[in-house]
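One letter stands for each residue in the lines below.
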Amino acid sequence: MPRIVTRLLHMLLVLWAVATILFLMFRLMPGDPTLAYIDTTFSAEQRQQLLVMFGLDRPLHEQYFIYLWNLLQGELGTSFHYKRPVLDLVLSVLPNTVVLTFVSLLLAYIFGVLVGAWLAWRRGSWLEGVVIPSVLALRAAPEFWLGMVLLATLGFGLGIFPSGGANSPGATFSSEWARIFSLDYAQHLVLPTLTLFLYLQGLPLLLMRSNMLEVMQEDFIMMARMKGLSERSIMLRHAARNAMLPVVTAFALGFGGSIGGNVVVESVFSWPGLGRLLVNAVAGNDYPLAQGAFLLITMFLVVMNFVADLLYSALDPRVSHG
Amino acid sequence: MAEAAVAVPAAAAGRRFRLPKIDPYAAIGLTIYVVFFLVALFADRIATHDPLEILFDDDGNLLSNVAPGAAHVLGTTNLGRDIFSQLVMGTRNALIVGVSAAIVVASLGTLVGLVAGFFGKWVDTLLMRVADVALGIPFLPFVIVLAAFMGAQTSNVVIAVALLLWPNTARVIRSQVLTVRERAFIEAARVTGSSTWRILFVHVMPNILPLTFLYGSIAVGWAILTEASVSFLGFGPSDSISWGYMLQDAYGSQAMSRGTYFWFVPPGICIILVVVAGFFISRGYEEILFPKLKD
């Protein structure tokens, strides 16, 4: 248990530090610091109300504590552009980002684990010379460029898939769940998911392959061979299961990282998610919204790092719990 | 006699920094780097046109979306600019970003790793906590926000990349320093009265420099990819041509729906080649550094 507590405190420290860096970034930027919360188009009354709410009429250190206190309560201010609370806005696009990230990551890891294990099994064959450089090339390709190529070929070229957005214009749904499980949504999801999948599959594939090669040197594999088990059984039930442990941790890390990394893919496909919201907010000088979206992306990253750390020690008994 | 005594350490140093000749991946990676370096160096002569000049034919018609041919090797953009020339000039920009970011990342990471690993105690704790914080910041969003606030300049992209990438290098170098500092020759240096900083830079550092190069070569690709993403999203410098800018231009001008592949495919291929070259070189280096991995 103490390990979890230390890790938890550690995570809170990182969150606090990032929140502080963000506070300084938005306060020290060129121009009027009140710009971070108050748009020039707001009325005098709105302006006064926001000034008091965020303590912008007080000294910087007091503003800092008010900022932290507001954050703890989930109070992120009001978007300049949408004139709505930032929290509502970021939460309303969050499902789109989570669905896109989770589906592509899951497909990438299933594919990566299977192909990685298979490659390790067929070590030294001509397949290695073809598959590994292609995997590396896909990892090196800019995600937005992969998206553009897919858009040109599958989107506009064949005309099978819609070119952007998450739903057809004018489509209405009875609830958020009905929207996400609709066929229309799935069609829009295909191209961005394929793009992310192509980019993400490399890591689990290469990781699985090298883990398999390592595990295959272990004594228990030789033991299984001596017991006379079939090669298939040794590979799947003994080697692959053990080699998968670090891949599970990588999945958690990948989930945290992809939420922020999706920024470009969401922009290419006009996918209404957190990353695109951030880009539009930054481009439109919508500071409260940019800050809120950034904080939410950071929270995902830091919390998933924490989860990965816990998974790592929970799954592999050889890692000490000290 | 004196010559022989000098020759031995020189040969040892040569062996340490020697790039792999045998590993085919590393050889391909190095070749790609050399080609791009030459293109960047002679970009002015290789480019056939001014990359930003709007071109017209003899009758004064805009040369819009001309397909690749003799006059325009890779065709023209929808605003009549020569794509090949943009690609060549973009190489220079990409290498400047990649190499300068790699230098900053590798030196910062090495310095922090050396100091943290060698001095230990609270210095180590403090520096590694700072590294944790840097790793807790989402990479691309941070670069975008910083580029937007500090102004769209190439140097700001380099600074943002360096601010978040050094911890990976620092962590690995720190753990390497932890083992090196326990070795007998460090003890010997201490006993013979070498100062702490002398031990750190003369005795410890040469042993971890290969790792510095390894992480530097990976950082080149990362920085180029990041610069391309930032430019693509419209937060890049508008005064210089980069591969990311070309792709943004193509995306914004509906090149995909027009199917003008000759416009947006080449910049992507160039980015892939440079980044893959970094992977390949680091792979070759790893086999020298950790020969155990090669079975």
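The model shown is predicted, which means the values in this text are computed figures rather than measured ones.

## Examining the overall build of chain B
Right, on to step 1. What chain B contains, in helices and strands, is twelve helices and zero strands.
Right, on to step 2. Tracing chain B from N to C terminus, the helices and strands come up as α-α-α-α-α-α-α-α-α-α-α-α.
Right, on to step 3. Considering chain B as a whole, with its 295 residues, one finds that 50% of them fall into the buried category.
Right, on to step 4. In chain B, once contacts between residues fewer than 6 apart in sequence are set aside, the share between residues at least 24 apart is 72%.
Right, on to step 5. Here chain B has roughly 13,600 Å² of accessible surface; of this, 66% comes from carbon and sulfur atoms.

## Notes on the packing of aromatic side chains
Right, on to step 1. Counted under the stated rule, the structure contains 16 aromatic pairs over all chains.
Right, on to step 2. Ring geometry for Phe119(B) against Trp197(B): centres 5.5 Å apart, planes inclined by 55°, an arrangement best described as tilted. Note that Phe119(B) is positioned in helix α4 (residues 83-119) and Trp197(B) in helix α9 (residues 196-232), a separation of 78 residues in sequence.
Right, on to step 3. Site record: aromatic cluster; members linked through ring pairs are Phe102(A), Tyr109(A), Phe251(A), Phe255(A) and Phe300(A).

## What about helix α5 (residues 121-135) of chain B?
Right, on to step 1. Here α5(B) contains 15 residues, and its C-alpha end-to-end distance of 21 Å stays within 8% of the 21 Å for a straight helix at 1.5 Å per residue.
Right, on to step 2. Among all positions in α5(B), only Val123(B), Asp124(B), Leu127(B), Met128(B), Ala131(B), Asp132(B), Val133(B) and Ala134(B) are buried.

## Description of the interface of chain B and chain A
Right, on to step 1. With 39 residues of chain B at the interface, the matching set in chain A holds 45 residues.
Right, on to step 2. Across the chain B/chain A interface, buried area totals approximately 3,700 Å², and carbon plus sulfur atoms make up 82% of it.
Right, on to step 3. At the boundary of chain B and chain A, one finds zero salt bridges.
Right, on to step 4. Within the residue set of the side of chain B that touches chain A, elements represented by two or more residues are α5, α6 (139-150), α9, α10 (243-252), α11 (255-258) and α12 (261-289) of chain B.
Right, on to step 5. With eleven residues, the top contributor of residues to the side of chain B that touches chain A is α12(B).
Right, on to step 6. Of the residues that constitute the side of chain B that touches chain A, the class distribution is 32 nonpolar, four polar and three charged.

## Section: the domain arrangement of chain A
Residues and elements named next belong to chain A.
Right, on to step 1. Domain annotation of chain A identifies domain 1 (2-72) and domain 2 (86-321).
Right, on to step 2. With 17 residues of domain 1 at the contact, the number on the domain 2 side is 16 residues.
Right, on to step 3. Both sides together, the interface formed by domain 1 and domain 2 hides about 1,600 Å², and carbon and sulfur atoms give 77% of it.
Right, on to step 4. Linking domain 1 to domain 2 there are one salt bridge.
Right, on to step 5. In this structure, Arg7 and Asp309 form a salt bridge, with 3.1 Å as the shortest nitrogen-oxygen distance.
Right, on to step 6. Seen at the junction of domain 1 and domain 2, the total is one residue pair in polar contact (both at pLDDT 80 or more).
Right, on to step 7. Those elements giving two or more residues to the side of domain 1 that touches domain 2 turn out to be α1 (2-28) and α3 (60-72).
Right, on to step 8. In terms of residues, the side of domain 1 that touches domain 2 owes the most to one element, α1, which gives eleven residues.

Rules and cut-offs
Residues numbered from 1 in each chain as written. Chains lettered and ligands numbered in written order. Predicted model: local features only at pLDDT ≥ 70, side-chain atom pairs only at ≥ 80, totals over all residues. Heavy atoms only, no water. Helix = DSSP H or I, 4+ residues; strand = E, 2+ residues; numbered from the N terminus. Buried < 20%, exposed > 50% of the residue type's maximum accessible area, 1.4 Å probe, protein only. Contact = heavy atoms within 4.5 Å. Areas by Shrake-Rupley, 256 points an atom, 1.4 Å probe, with all protein chains shown as cover. Phe/Tyr/Trp six-rings, centres within 6.5 Å; stacked < 30°, edge-to-face > 60°. Expected span 1.5 Å × (residues − 1). Buried area = accessible area lost by both parts, 1.4 Å probe. Salt bridge = Lys/Arg side-chain N within 4 Å of Asp/Glu carboxyl O. Nonpolar A, V, L, I, M, F, W, Y, C, P; charged D, E, K, R; others polar. Domains from an automatic or database assignment. Polar contact = N/O pair within 3.5 Å; in protein donor to acceptor, adjacent residues only side chain to side chain.

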